[in-house]
Amino acid sequence: MLILLPPSEGKSPATAGTPVDLAALSAPSLTRHRTKVMRALAKASARKNALHVLGVGPSLAEDVARNTRLDSEPAARAASVYTGVLYAAAGLDDLTVEQAALAAASVRTVSALWGAVSPDDVIPAYRLSMGTDLPGVGPLAPTWRPHLEKVLSPLATGDVVVDCRSAAYLAAWKPAKSTDWVSVRVLRELDGKRSVVSHNAKHTRGVLTRHLLTRAGEQPRTAEEVLKAAHELVGGALLDATLLDGKNGASTLELVVV
C-alpha cells in the first residue's frame, strides 16, 4: 500500500531543533534536485516581488521570509510540520510504534520543495506550491516528474496506490497504467442526491488515511481491498463507499458523507 498525500497549505514551524539535513531525507536520489529547488526558492523569496512570484498574499509575508532561511531554520518530523484539516484527521504524529512504522513505509507527501517525504523526514516549515513557476527552476510539477518517477514507481509496483492528492500535485507524478491506482473522491448526499464536495474532502481523506494505518488485519494490497477497508467506516464517518472503474488504469473510490 502506498498512500499519497498533498502537503498542507499551512505548516507548523519547529520551535527548536537542528536544520534540515538534505542527505538524511528519504529518497536520497532527490537530494540534488531538492538542493536546486531550495536555493532557487531562497533567492525568489528574497526578491521585492516575492509574494507575486510565489502567488501568495501579504498575510503570508512571514512564511515567505522564512523561505530565505531554510538551511538554518529548526526542522521537525514532517508528521508534525504538515498541519491542516487532512493531517489533523490523519493524526500521523499520534500513532503507535507499529502504526508509525507502517506510515513511514507507506505514506508519502508529494511536495513542491522536497519532491516526496515520509512522515519521519525532518524538514522545516516552508511556503511553496506545486503550481509555481519558480525562477531558476521553472514550472515545478514537470521538473519533479522524472525524479519522482524513479522514486515512487518502485514503491507502487505490485501494490495499490491510494491517491489523496489534488490536481496540482497529481501533475508531478502519475502511477503507470498497470498499477492498481485508486483516486479518492468525496461526495455529499443531500435529499437523495450526491455531489462532489470540497469542504469535507480533506477531512474525509485524512480519516481514510488514519483508518488504513490503524485498522486491525493485513493492509490492503488491491483496490477492492481498499474498498473493503473503507466500508469499515460506513455507519460512522461515512454514509457509503463505492469503487468506480476509471480510464488509464485508475479507479475512483467514492466516499459519501452526509
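What you see is a predicted model; the values in this text were computed from it and never measured.

## Brief notes about the packing of helix α6 (residues 97–106) against helix α9 (residues 201–214)
At a minimum axis separation of 9 Å, α6 and α9 run at an interaxial angle of 120°. The interaxial crossing formed by α6 with α9 has right-handed handedness. Mapping the contact onto sequence places Q99, L102, A103 and S106 in α6 and L212, L213 and T214 in α9. Considering only residue class, the contact of α6 with α9 consists of four nonpolar, three polar and no charged.

## Notes on the pattern of salt bridges
The full count for this structure, using the stated rule, is 11 salt bridges. Put simply, R165 and D163 hold a salt bridge, and the shortest N to O gap is 2.8 Å. One exposure class covers both R165 and D163, and it is buried. A salt bridge links R194 to E189; the nearest nitrogen and oxygen atoms lie 2.7 Å apart. Judged by relative accessible area, which is 40%, R194 ranks as partly exposed.

## Some thoughts on the environment of G136
With respect to the secondary-structure elements, G136 resides in the loop between β6 (133–134) and β7 (138–139). Classification of G136 as exposed rests on a relative accessible area of 70%. Note: C-alpha distance between G136 and R188 (52 residues apart in sequence) is 42 Å.

## Structural notes on the packing of helix α1 (residues 31–45) against helix α7 (residues 140–156)
Packing of α1 against α7 leaves a shortest axis separation of 10 Å and a crossing angle of 165°. Comparing the axis directions of α1 and α7 gives the class roughly antiparallel. Where α1 crosses over α7, the two elements pack in a sense that is left-handed. Residue-level inspection shows H33, R34 and V37 of α1 in contact with α7, the latter providing L140, T143, W144 and H147.

Criteria and thresholds
Residues numbered from 1 in each chain as written. Predicted model: local features only at pLDDT ≥ 70, side-chain atom pairs only at ≥ 80, totals over all residues. Heavy atoms only, no water. Axes fitted to C-alpha atoms, helices over the stretch in contact; angles between N-to-C directions. Helix = DSSP H or I, 4+ residues; strand = E, 2+ residues; numbered from the N terminus. Left-handed = near helix turned anticlockwise from the far one by under 90°. Contact = heavy atoms within 4.5 Å. Nonpolar A, V, L, I, M, F, W, Y, C, P; charged D, E, K, R; others polar. Salt bridge = Lys/Arg side-chain N within 4 Å of Asp/Glu carboxyl O. Buried < 20%, exposed > 50% of the residue type's maximum accessible area, 1.4 Å probe, protein only. Parallel < 35°, antiparallel > 145°, perpendicular 65-115°, else oblique.

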